[in-house]
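Architecture at a glance
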Amino acid sequence: SKKLDEFLASTDRAGSPLRRLAIGKSPVATYRSTPPPCEVTSEAATEQKERGGEGADNVPFDGTITVLGIEGSANKCAVGVLRYVPPAGDGPGGGTYATLSNPRKTFVSRPGEGFLPRETARHHQVHVTALCRAALSEAGIDDPSIGIDAVCFTRGPGMGGPLTSCALAARTLALLWDVPLVGVNHCVAHVEMGRVATGAADPVVLYVSGGNTQVIAFSDGKYQIFGETIDIAVGNCLDRFARVVGLSNDPSPGYNIELEAKKPGTKYIEMPYVVKGMDVSFSGILTSVETLARTALRKKTVSVQDLCFSLQETIFAMLVEVTERAMAHCGQDKVLIVGGVGCNKRLQEMMGKMVKERGGSLCAMDHRYCVDNGAMIAQAGILALQHGIVTDLKDTWCTQRFRTDAVDVVWRPPTVW
């Protein structure tokens, strides 16, 4: 339409809101991969060939690789450009990764409301082209058909409408530029971005977001799930509580809960604490806190700050408990927190105390890489490319159910305890 054309054209103006969002927003971030997850070995290539499936007959990419990643599994539409530069000569190490650009646009619904798939998909359809242009401009790539080696996209898990909207954009760009496509597991992308960004070689991973809650460790060629939610995700629990008490969705409900919980004078209210072995449950505590919000809050016997503080303390204690069990079982001394909820400073503080008592260290990131972003999709895509894994056009469908432990992590040497 004419309005859409005018909007897309506006991204070429330096003063447009989207350009201000993308250009100069995030400096180039460079990390050294530790350990080298991208070394292509004959054993890995043989193993992938025997497994068959995606990319079994493709030649691994080597040398410098620059890819564009598109993320759109939930309410954030994001595009990132990532470059891998191999180590000079025969020196040790796995080379460096540089995030050349990483703009994103968030669909923010009205207070008291969540984001619906259809509305979110429409948001991504409107913004994905402009974000791609902004990302390429910030990365200094004038001709993507020469400067981009592959287009990576989120294949799942996530919301169907937003996923397919961004996958369509990825297919179109790959055909225009005549480059391969790489479908990426959203959860694995979070883990790999975290490993490279923090330098954590083999941590226990706590993945906490609006749609996922998992305790993960690498074993036998896969990211195995040692514990997870048996009902709703921790981020979904926080979001739904925020709606009840009328907190804003801008920039996110969880962040506004965190701010309320930090206010002085809060008191702790006992809430249901449900840990079943290595799994957790948040539906009961959500019902409890919603009931308190509709009764005690109206009577003014508790405050919104009390409820936010108590909810955080309880659910984060549950997460720390199951993560500590996973550390003990796996014999690991490092914990990596990924996912949008991982930005929460109180969660990082509680986890850090537990890990320190065990003589270990916490690996955490800020909102640039914890929250859904395009660079993490590009990161996982580069690792796949380096082992010859690409996605045929006919296989670029998306799925809302794509388990973390369904991915063969061929770029890491298999380990078994």
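Predicted model only: the values in this text are computed from it and were never measured.

**Concerning the overall build of the protein chain**
A count of helices and strands for the protein chain gives 15 helices and 14 strands. Relative to its 417 residues, the protein chain shows a buried fraction of 53%. As displayed, the protein chain offers around 17700 Å² of accessible surface, 52% of which is attributable to carbon and sulfur atoms.

**Notes on the pattern of salt bridges**
If charged atoms from side chains of opposite charge come close, those side chains can pair. With the rule as written, the count across this model stands at 15 salt bridges. Arg358 is the salt-bridge partner of Glu324, the closest N and O atoms lying 3.5 Å from each other. With Glu324 in helix H12 (residues 304-330) and Arg358 in the loop between helix H13 (345-357) and strand E14 (361-363), this pair connects stretches of sequence that are 34 residues apart. Residue Arg358 is classed as partly exposed on the basis of its relative accessible area, which comes to 39%. Between Asp395 and Lys394 there is a salt bridge, with its nearest N and O atoms 3.3 Å apart.

**What about the confidence of the model for the protein chain?**
Scored by pLDDT, the protein chain has a mean of 88; 84% of the residues are at 70 or more. pLDDT under 50 marks residues 33-53. Its contacts with residues more than four places away, or in other chains, come to 39 contacts.

**Quick notes on H12**
Across its 27 residues, H12 extends 39 Å between first and last C-alpha, which sits within 8% of the 39 Å expected from 1.5 Å per residue. Looking one or two places after H12, you find Gly331, whose phi comes out positive at around 70°.

**As for the side chain of Asn185**
Position of Asn185 among the secondary structure elements: in strand E7 (residues 181-185). Note on Asn185: relative accessible area 4%, which makes it buried. At 3.0 Å, the side chain of Asn185 forms a polar contact with the backbone nitrogen of Val188. Setting aside anything within four residues of it in sequence, one finds Asn185 in contact with Gly156, Pro157, Phe402, Arg403, Thr404 and Val407.

**Quick notes on unusual backbone geometry**
Here the bond from Gly156 into Pro157 is cis, since omega is -10°, no more than 30 degrees from zero. Within the chain, Asp178 stands out as a residue other than glycine whose phi angle is a positive 60°. Structurally, Asp178 can be placed in the loop between helix H6 (160-177) and E7. Even without being glycine, Lys300 reaches a positive phi, approximately 65°. Relative to the helices and strands, Lys300 is located in the loop between helix H11 (296-299) and H12. Judged by relative accessible area, which is 73%, Lys300 ranks as exposed.

**Side note on the packing of helix H8 (residues 234-245) against helix H9 (residues 253-262)**
Relative orientation and spacing of two packed helices are given, respectively, by the angle between their axes and the distance between those axes. Remark: H8 packs on H9, axes separated minimally by 8 Å, with the N-to-C direction vectors making an angle of 70°. Judged by the inter-axis angle, H8 sits roughly perpendicular to H9. Listed contacts from H9 to Leu238, Asp239, Phe241 and Ala242 of H8 are Pro253, Gly254 and Ile257. Looking at the contact of H8 with H9 residue by residue, the classes come out as five nonpolar, one polar and one charged.

**A look at the nonpolar core**
Ranked by internal contacts, the top residues of the largest apolar core, which has 45 residues, are Val208, Phe241, Phe282, Leu307, Leu311, Ile315 and Met351. No other element matches the twelve residues that H12 contributes to this core. Counting 44 residues, the second-largest nonpolar core is a separate cluster that includes Ile216, Val371, Val410 and Trp411.

**What to know about the pairing of strand E9 (residues 213-219)**
Burial analysis of E9 places seven of its seven residues in the buried class, the great majority of the element. In E9, alternate side chains face the same way, and those of Thr213, Val215, Ala217 and Ser219 on one face and Gln214, Ile216 and Phe218 on the other are all buried. The turn joining strand E8 (residues 204-208) and E9, which pair antiparallel and follow one another in sequence, is formed by four residues. The turn joining E9 and strand E10 (residues 222-228), which pair antiparallel and follow one another in sequence, is formed by two residues; a positive phi near 55° is taken by Asp220.

**A word on the packing of aromatic side chains**
A complete count under the given rule lists two aromatic pairs for this structure. The interplanar angle of 45° and the centroid separation of 5.0 Å between the aromatic rings of Tyr84 and Tyr97 together place this pair among those described as tilted. Linking Tyr84 in strand E3 (residues 76-85) with Tyr97 in strand E4 (residues 96-101), this pair joins segments that are 13 residues apart in sequence. Residue Tyr84 shares its accessibility class with Tyr97, and that shared class is buried. It is Arg155 that lies over the ring of Trp397; its NZ or CZ is 4.3 Å from the centre.

What counts, and at which threshold
- Residues numbered from 1 in each chain as written.
- Predicted model: local features only at pLDDT ≥ 70, side-chain atom pairs only at ≥ 80, totals over all residues.
- Heavy atoms only, no water.
- Helix = DSSP H or I, 4+ residues; strand = E, 2+ residues; numbered from the N terminus.
- Buried < 20%, exposed > 50% of the residue type's maximum accessible area, 1.4 Å probe, protein only.
- Areas by Shrake-Rupley, 256 points an atom, 1.4 Å probe, with all protein chains shown as cover.
- Salt bridge = Lys/Arg side-chain N within 4 Å of Asp/Glu carboxyl O.
- pLDDT = per-residue confidence, 0-100.
- Contact = heavy atoms within 4.5 Å.
- Expected span 1.5 Å × (residues − 1).
- Polar contact = N/O pair within 3.5 Å; in protein donor to acceptor, adjacent residues only side chain to side chain.
- Axes fitted to C-alpha atoms, helices over the stretch in contact; angles between N-to-C directions.
- Parallel < 35°, antiparallel > 145°, perpendicular 65-115°, else oblique.
- Nonpolar A, V, L, I, M, F, W, Y, C, P; charged D, E, K, R; others polar.
- Core = buried A, V, L, I, M, F, W, Y, C linked by side-chain atoms within 4.5 Å.
- Pairing = 2+ DSSP bridges.
- Phe/Tyr/Trp six-rings, centres within 6.5 Å; stacked < 30°, edge-to-face > 60°.
- Lys NZ or Arg CZ within 6 Å of the ring centre and 35° of its normal.

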